[in-house]
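Topology and contacts: notes
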Amino acid sequence: MKVTVGVCGGIAAYKAAELVRALEKHALDVHVVMTEAAQQFVQPLTFAALTGHKVITGLWDADGSGAGEPGAEAASSIEHMDAAQTTDALVVAPATANTLAKFAHGIADDFLSALYLATTAPVIVAPAMNVNMWEHAATRANLETLAGRNVRIVSPESGYLACGMTGAGRLAETEAIVDAVLSVLQHRNDLAGETMLVTAGGTREALDPVRFLGNRSSGKMGYAMAEAAQRRGARVILVTAPTALRPPANVEVVPVVTTEEMRQAVMNRLDQTTIVIKAAAVADYRPRVQADQKLRRSGPLTLELEPTQDILAEVVAQRRAGMLVIGFAAETQDALAHGRDKLLRKGADAIVLNDVSREGVGFDADRNAVTFLTRDRAMELPEMRKRELADHILDEILALRRPRKVLAESDAPVSGD
Ligand code: CTP
């Protein structure tokens, strides 16, 4: 697994070398990114020698020939996207007040802050600074913002500080930072051994060679599910209708266009699959006849449509013992009632219910809010980034694998039975 260590400028920067060694002892592939200030305290060469990888020291390569310091490498703005996609965790130690402020406010003026914005991997920060900076209201507010975004904070310790003052602000023990990284990564490996088939995007049914019937699905939620599952150790097969998205790394991609193609792609792979996630928005109808040539305008046009097959229902009919089947439902009114009806009608283990009439969530948005609906429960997952939501949905799916607990009073049955 790949861990990126971000090193900021501060006396404690030298302790990052110890952290890198400790992470490597856990067989992690460690890469280092240094801020400009960090390079005033430690040479990039130290980290290059420890990790065997070039250290990324800046966003821009001024003369186009590589960064000046031995072992250092400036990276292009495209490379931070790549680093962001391939890392399994980002740990920033020491994290200065300045870098925490940049993270909290979405400022991306160096490689590390751009990486923070671009990655969907879990982020851990281990702050180190002067006690007054640590206790300042601005730093408190920034940390609160970051904690609210699920950034794991390994708090500094109290003691004698390099600035001569005594108080909180000393970088946490290496062991505490390593523990935080390991606990985040272990959580991420909880789908090892599962093969997850995810459908995504909106299928298209051609009317003629240039037009089709389609829908507004962007595929973002399905792709987020695929990426999250892959990061947590599952083998992932992504059966995708056309989208404008780049497929996640290390996922087997099966491109399809029509509902029938999606049906065949899914059914052909069902025997390898342990969890089916049907996030695709599937065309329910297709033109009975597809014109060979482009249709010409000539007064009113009536299309005759025929229903397509319900892939989810077919999957449920052919499921093997132990296989989990999860459907999605995008509803515009009476969402809960329609979702419940769909859950029972389709026989899925759960339906991820999406009320697309809400502003700013659902189709094509980067954020979403859903209800995870099973026969006994309706779990509200509040508005958040789709990638983050994908992890919460996976947590709920994994909970279905565990023996069912006795219902607590707060878990009121939604089906009434
Ligand atoms: N689905 C499917 N095959 C279809 C239609 C839908 O597999 N032909 C799946 C979708 O991928 C989704 C779930 O069924 O996981 C619910 O899709 P939705 O379009 O909301 O359900 P419909 O059966 O079309 O119900 P309705 O038209 O009544 O809303």
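Residues numbered from 1 in each chain as written. Predicted model: local features only at pLDDT ≥ 70, side-chain atom pairs only at ≥ 80, totals over all residues. Heavy atoms only, no water.

1. Description of the site of the ligand
The ligand sits among 14 residues. The nearest are K278, D284, L312, K342 and K346. Between L312 and the ligand, the recorded distance is 2.8 Å, taken from a backbone N or O atom to an oxygen atom. Contact distances for the ligand include 2.6 Å between an oxygen atom and a side-chain N or O atom of K342. When the free accessible area of the ligand is taken as 570 Å², the share hidden by the protein chains comes to 78%. Elements represented by at least two residues in the shell around the ligand include exactly α12 (311–317), β18 (324–331) and α13 (335–346). Broken down by element, the shell around the ligand gets its largest block of residues, three residues, from α13. In terms of residue class, the shell around the ligand is built from five nonpolar, three polar and six charged. (Near = heavy atom within 4 Å. Polar contact = N/O pair within 3.5 Å; in protein donor to acceptor, adjacent residues only side chain to side chain. Areas by Shrake-Rupley, 256 points an atom, 1.4 Å probe, with all protein chains shown as cover. Helix = DSSP H or I, 4+ residues; strand = E, 2+ residues; numbered from the N terminus. Nonpolar A, V, L, I, M, F, W, Y, C, P; charged D, E, K, R; others polar.)

2. Focus: the pairing of strand β8 (residues 157–160)
The pairing of β8 with strand β9 (residues 166–170) spans four bridges and is antiparallel. The partner of E157 across the bridge, within β9, is R170. The antiparallel hairpin formed by β8 and β9 contains five residues in its connecting segment, where G164 sits at a positive phi of about 100°. (Pairing = 2+ DSSP bridges.)

3. Looking at the sheet that holds strand β15 (residues 275–278)
With mixed pairing, eight strands are arranged side by side in an open sheet as β14-β13-β10-β15-β18-β19-β20-β21. The open sheet terminates on both sides in strands that have one partner only, identified here as β14 (252–255) and β21 (378–385). If you compare each strand with its neighbour and ignore which way they point, the axes differ by 20° on average. Here α13 sits on the sheet in contact with β18, β19 (350–355) and β20 (367–373), set at roughly 155° to β19. (Axes fitted to C-alpha atoms, helices over the stretch in contact; angles between N-to-C directions. Contact = heavy atoms within 4.5 Å.)

4. So, the packing of aromatic side chains
Within the structure shown, the criterion is met by one aromatic pair. Considering the side-chain rings of F103 and Y116, the 4.2 Å spacing of their centres and the 10° angle between planes classify their relative orientation as stacked. Of this pair, F103 sits in helix α5 (residues 97–105) while Y116 sits in helix α6 (residues 111–118), placing them 13 residues apart in sequence. You can call F103 buried: its relative accessible area is 1%. Y116 gets classed as buried once you look at its relative accessible area, which sits at 9%. When the ring centre of W134 is taken as origin, the NZ or CZ atom of R140, which lies over that ring, is 4.5 Å away. (Phe/Tyr/Trp six-rings, centres within 6.5 Å; stacked < 30°, edge-to-face > 60°. Buried < 20%, exposed > 50% of the residue type's maximum accessible area, 1.4 Å probe, protein only. Lys NZ or Arg CZ within 6 Å of the ring centre and 35° of its normal.)

5. A short note on a nonpolar patch on the surface
Among the surface-exposed residues, Y285, L301, L303 and L305 lie close enough to one another that they form a single nonpolar patch of about 390 Å² accessible area. Structurally, L303 can be placed in the loop between β16 (285–287) and β17 (305–307). (Patch = residues over 30% accessible without salt bridge, like charges linked within 9 Å, V, L, I, M, F, W, Y side chains within 5 Å. Salt bridge = Lys/Arg side-chain N within 4 Å of Asp/Glu carboxyl O.)

6. Here's the deal with the domain arrangement of the chain
Each assigned domain of the chain is listed with its residue range as follows: domain 1 (2–187) and domain 2 (195–409). For domain 1 and domain 2, the distance between their C-alpha centres works out to 37 Å. Per-residue buried area on domain 1 facing domain 2 is highest for Q85, T120 and H187; these three make up 61% of the total on that side. Run the count over domain 1 and domain 2 and you get two salt bridges. Across the pair R231 and D88 runs a salt bridge whose closest N-O atoms are separated by 3.8 Å. Between domain 1 and domain 2 we count four residue pairs in polar contact (both at pLDDT 80 or more) in total. Sorting elements by how many residues they give to the side of domain 1 that touches domain 2 places helix α4 (residues 77–86) first, with four residues. Residue classes in the side of domain 1 that touches domain 2 are distributed as three nonpolar, seven polar and two charged. (Domains from an automatic or database assignment. Buried area = accessible area lost by both parts, 1.4 Å probe.)

7. Regarding the pattern of salt bridges
Under the counting rule described, the total for this entry stands at 26 salt bridges. The partner of D349 in a salt bridge is R319, with the nearest N and O atoms 2.5 Å apart. Within this pair, whereas D349 is found in the loop between α13 and β19, its partner R319 is found in the loop between α12 and β18, the two being separated by 30 residues in sequence. Accessibility expressed as a relative area gives 28% for R319, which makes it partly exposed. R358 serves as the salt-bridge partner of E383, at 3.9 Å between the closest nitrogen and oxygen. Of this pair, E383 sits in strand β21 while R358 sits in the loop between β19 and β20, placing them 25 residues apart in sequence. By relative accessible area, which is 36% here, E383 ends up partly exposed. Connected through salt bridges with shared partners, the residues D88, D190, E227, R231, R232, R387, D391 and D395 form a single ionic network.

8. Looking at the environment of T374
Inspection of the secondary structure puts T374 in the loop between β20 and β21. Residue T374 is classed as buried on the basis of its relative accessible area of 8%. T374 sits 22 residues away from E396 along the chain, and the two C-alpha atoms are 9.9 Å apart.

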